[in-house]
Amino acid sequence: MKIEKNTAVTLRFKVSDAQGKVVEESKDPMVYLHGGYGNTLPKIEEALDGQEAGYQTTLALAAADAFGLRDESLVCTIPRSQFPPGVKVGGQLEGRGSDGRQQVFNVTKIKGDTVLLDGNHPLAGKDLRFSLKVTEVRLASEDEIAHQHVHGEHGHHH
């Protein structure tokens with residue numbers, strides 16, 4: 001079966017930086033609903049469109065096509081007193097960005113009485129290489145299409 005709109009695609013992946021250092025590798029397969037639903041990067045969908053199980057490729061994506069360019073307006077310093085006890089580097093919290101939309105911020109540094117938050121994706125601003133191997137392609141169910149994501153093992157659970 002070919003990968004096309006409304007197919008559920010199972011793949012294994014490895015992400016490396018421009019120097020070849022592995023930054024993420026799938027332990028379990030990833031499953032996404034193909035067809036412009038925002039479940040994976042558009043350039044990955046474009047490369048996999050029309051392919052079948054067994055297909056392998058490596059994509060070199062510029063930062064803008066991967067997790068975006070860094071936006072320094074998403075970096076801010078907040079007084080530590082505004083955080084609950086136990087705030088740690090690497091922790092996350094939800095807040096509102098300057099545009100009022102819900103935003104996840106990562107705690108990147110704690111220095112004295114201040115906490116540095118970064119709302120950028122941790123891989124934003126980095127050129128990346130994605131090694132992909134398609135292991136399965138199947139028709140998506142009506143529920144998956146209606147919900148715009150894959151359900152079940154390695155997919156979304158309600």
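Higher on the page you've got the structure.
Per chain, residue numbering runs from 1 following the sequence as it is written. Only residues with pLDDT of at least 70 are given local features in this predicted model, and only at 80 or more are side-chain atom pairs given and counted; all residues enter the totals for whole chains, interfaces and linings. Computation of side-chain values covers all heavy atoms of the structure but excludes hydrogens and water.

Q: Please clarify how the overall build of the chain should be interpreted in this entry.
A: Only DSSP runs of H or I covering at least 4 residues are called helices, and only runs of E covering at least 2 are called strands; the numbering of each starts at the N terminus. A tally of helices and strands in the chain yields two helices and nine strands. Going from the N terminus to the C terminus, the chain shows its helices and strands as β-β-β-α-β-β-β-β-β-β-α. Buried residues in the chain amount to 34% of all 158 residues. Using the Shrake-Rupley algorithm and a 1.4 Å probe, accessible areas are obtained, with residue cover drawn only from the displayed protein chains. If you sum the accessible surface of the chain, you get close to 9,700 Å²; carbon and sulfur atoms cover 48% of it. Positive: Lys, Arg. Negative: Asp, Glu. His and the chain ends are not part of the count. Taken as the charge centre is NZ of Lys, CZ of Arg, CG of Asp or CD of Glu, depending on the residue. Between the centroid of the 18 positive side chains of the chain and the centroid of its 22 negative side chains there is a distance of 8 Å. Accessibility here uses a 1.4 Å probe with only protein chains present; expressed as a share of the type maximum, an area under 20% marks a residue as buried, one over 50% as exposed, and anything in between as partly exposed.

Q: Explanation requested: the packing of aromatic side chains in the structure shown.
A: A ring pair, where both rings are aromatic, is described by two values, the distance of the centres and the angle of the planes. When the centres of two rings from Phe, Tyr and Trp lie within 6.5 Å, Trp using its six-membered ring, the rings pair. Their planes under 30 degrees apart give stacked, over 60 give edge-to-face, and anything left gives tilted. Going through the model one piece at a time under the given rule, you end up with one aromatic pair. Between F67 and F130, the aromatic rings sit 6.4 Å apart at their centres with planes inclined by 40°, giving tilted as the arrangement. Here F130 lies in strand β9 (residues 128–139) and F67 lies in the loop between β4 (56–61) and β5 (75–79), a separation of 63 residues in the sequence. Overall, the relative accessible area of 30% leaves F67 in the partly exposed class. Given a relative accessible area of 5%, F130 falls into the buried group.

Q: Would you explain the nonpolar core in this entry?
A: In summary, soluble globular proteins display a tendency toward joint burial of nonpolar side chains. If you look at the biggest cluster of nonpolar residues, it comprises 18 residues, and the most contacted ones within it are L11, I44, L48, F130 and L132. Ranked by the residues each element gives to this core, the list is headed by β9, at five residues. The criterion used for residue contact is that any of the two residues' heavy atoms lie within 4.5 Å. In contact with L48, other than residues within four places in its own chain, are I3, L11, Y32, Y55, L132 and V134. In plain words, nonpolar cores are sets of buried Ala, Val, Leu, Ile, Met, Phe, Trp, Tyr and Cys residues tied together by side-chain atoms within 4.5 Å.

Q: Please explain the pattern of salt bridges as it appears in this structure.
A: When the charged atoms of two side chains lie near each other, side chains of opposite charge can form a pair. For this document, the term salt bridge refers to a Lys or Arg side-chain nitrogen within 4 Å of an Asp or Glu carboxyl oxygen. By the definition in use, this model includes four salt bridges. Measuring nitrogen to oxygen at the nearest pair gives 3.1 Å for the salt bridge that ties E72 to R70. In this structure, R138 and E144 form a salt bridge, with 2.9 Å as the shortest nitrogen-oxygen distance. When its relative accessible area of 29% is taken as the criterion, R138 is described as partly exposed. Three or more residues joined by partner-sharing salt bridges are found here, namely R70, E72 and D118.

Q: Just to check I follow, could you spell out the sheet that holds strand β6 (residues 92–96) for this structure?
A: As a general point, the strands of a sheet are linked pairwise by backbone hydrogen bonds and lie either parallel or antiparallel. At least two DSSP bridges between two strands are needed for those strands to be called paired. Read across the open sheet, the four strands follow the order β5-β8-β7-β6; overall the sheet is antiparallel. Either end of the sheet is taken by a strand with one partner, and the two such strands are β5 and β6. The average angle at which neighbouring strand axes cross in this sheet is 40°, direction not considered. Note that strand β7 (residues 102–111) and strand β8 (residues 114–118) share five bridges and pair antiparallel. From the neighbouring strand, N106 faces β8, where its bridge partner is D118. All axes here are fitted lines through C-alpha atoms, helices being fitted over the stretch that makes contact, and every angle between N-to-C directions spans 0 to 180 degrees.

Q: What is the right way to look at a negative patch on the surface in this model?
A: Surface patches are drawn from residues lacking salt bridges whose relative accessible area is over 30%; two like charges belong together within 9 Å, two nonpolar side chains (Val, Leu, Ile, Met, Phe, Trp, Tyr) within 5 Å. A cluster of acidic residues, E4, E46, D49 and D65, forms a negative patch at the surface. Note on E4: relative accessible area 45%, which makes it partly exposed.

Q: Just to check I follow, could you spell out the environment of I145 for this structure?
A: With respect to the element layout, I145 can be found in helix α2 (residues 142–147). What makes I145 partly exposed here is its relative accessible area of 28%. Sequence-wise, I145 and T40 are 105 residues apart; in three dimensions their C-alpha atoms are separated by 15 Å. Among residues more than four places away in sequence, those in contact with I145 are N6, L33, Y37 and A140.

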